[in-house]
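# Structure assessment
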Amino acid sequence: MIDIILLGTSALLPLPDRALTSAALFCEGHSILFDCGEGTQTSARKHGVSLMKTELIALTHYHGDHILGIPGLLQTMSCMGRTHKIYITGPEGLHEAMKPILELTDFISFDVELITLPEEGLKLCELINGWPNGARLNAFKTEHRVPSQGYCFTLSRPGKFFPERAQALNIPVKLWRVLQSGESITLDDKLINPSDVMGEARKGIKIIFTGDSTKCESIINASRDADLLICEATYGEESQAEKAQDYGHMIFSQAAQIARDSNVKKLWLTHFSQVMREPSQFLPNAQKIFPDSICCHDGMRITLKPDD
Ligand SMILES: [Zn+2]
Ligand SMILES: [Zn+2]
């Protein structure tokens, strides 16, 4: 089960009811924060979310509206007595971008480690103890005015375990967990694979967080069949398409085209220009292309569970 809550839905400038970009993901007691714009921690408080156990901050790029909430958040974590390490990842330029932020917070009570995600994605339990075995974070390139990347979080599910098959093979109960976790075992010189006692892998959960970008193929490819696409949609009107392209952003209808072409289940539009006071007024521009489009607001949340 995964919970996602949007903590900020504004682009560039914060508004009284709209903090700058951030989304928190919670999965079985663990959490990742995607971007951390100004106002993130205030918004978290307002919406009853604790960020104190955040283990990884995944940055899409280093524009101020996506990172300037980090120093305050790290300071609060330190004041609250945090001692365990936090990881920060992002596209190229991470060390340079984080240097002034880490200088501002060099008194904090825990370590900050900057990491680059491997090309094949990160199996989260290999970095942080306790994450479910099937939880993985991948980055994919996006097209903004500076180096940028979006994120794909997946929680895969192994096939159903059949105890009767394990019993028929005389596998001791204490080894069942090993097979259930996807590893093979050797018993009396015989190799037993998970597939000997388990069914086909079941559909898991897939969530995409784009960060700032123009409409591009890599987002469509990364979003294929996702349960939720959280997509930037800075401008609402068709007449703003050229402006959006110039600034490295999208209009509502482009985000909807990505959702349609990648066959996602739900589209959440976010990262709204400050001049767009009522984004939902332009929602029909997205819904006529992809009906399951929603205009987000700070504090919006969803719980995603596997289908079966
Ligand atoms: Zn932005
Ligand atoms: Zn930007």
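What you see is a predicted model, and the numbers here were worked out from it, not measured in a lab. (Residues numbered from 1 in each chain as written. Chains lettered and ligands numbered in written order. Predicted model: local features only at pLDDT ≥ 70, side-chain atom pairs only at ≥ 80, totals over all residues.)

## Some remarks on the sheet that holds strand β4 (residues 56-58)
Spatial strand order, β6-β5-β4-β3-β2-β1-β16: 7 strands in an open sheet with mixed pairing. The strands lining the two open edges of the sheet, one partner per strand, are β6 (112-115) and β16 (301-304). Adjacent strand axes in the sheet meet at a mean angle of 20°, parallel and antiparallel pairs treated alike. Bridging between strand β1 (residues 2-8) and strand β2 (residues 22-27) involves 6 bridges; their strand directions are antiparallel. By the bridge assignment, Leu 6 is partnered in β2 with Ala 23. (Pairing = 2+ DSSP bridges. Helix = DSSP H or I, 4+ residues; strand = E, 2+ residues; numbered from the N terminus. Axes fitted to C-alpha atoms, helices over the stretch in contact; angles between N-to-C directions.)

## Quick notes on the pairing of strand β12 (residues 202-209)
Sheet analysis places strand β9 (residues 149-157) next to β12, joined by 6 bridges and oriented antiparallel. In the sheet register, Leu 155 faces β12, and the bridge partner there is Ile 205. Here β12 pairs with strand β13 (residues 228-232) via 3 bridges, running parallel. Within β13, the position partnered with Ile 208 by the bridge is Leu 229.

## Points about the sheet that holds strand β7 (residues 122-123)
If you trace the 7 strands from one edge of the open sheet to the other, you get β7-β8-β9-β12-β13-β14-β15, paired in mixed fashion. With one partner strand each, in any of the chains shown, β7 and β15 (293-295) form the two edges of the open sheet.

## Let's talk about the domain arrangement of the protein
Interfaces are often sized by the accessible area lost when the parts come together. The domains assigned to the protein are domain 1 (2-158 + 201-304) and domain 2 (160-200). One C-alpha centre belongs to domain 1, the other to domain 2, and the line joining them spans 38 Å. (Domains from an automatic or database assignment.)

## A short note on the environment of Gln 245
Among the structural elements, Gln 245 can be located in helix α9 (residues 241-247). With 30 residues separating them along the chain, Gln 245 and Lys 215 place their C-alpha atoms 8.5 Å apart.

## Digging into the pairing of strand β5 (residues 86-89)
Inspection of the sheet shows β4 paired to β5 by 3 bridges, in the parallel sense. Note on β5: the bridge partner recorded for Ile 57 is Ile 88. The pairing of β5 with β6 spans 4 bridges and is classified as parallel. Residue Ile 86 lies in a different strand from β6, and its bridge partner there is Val 112.

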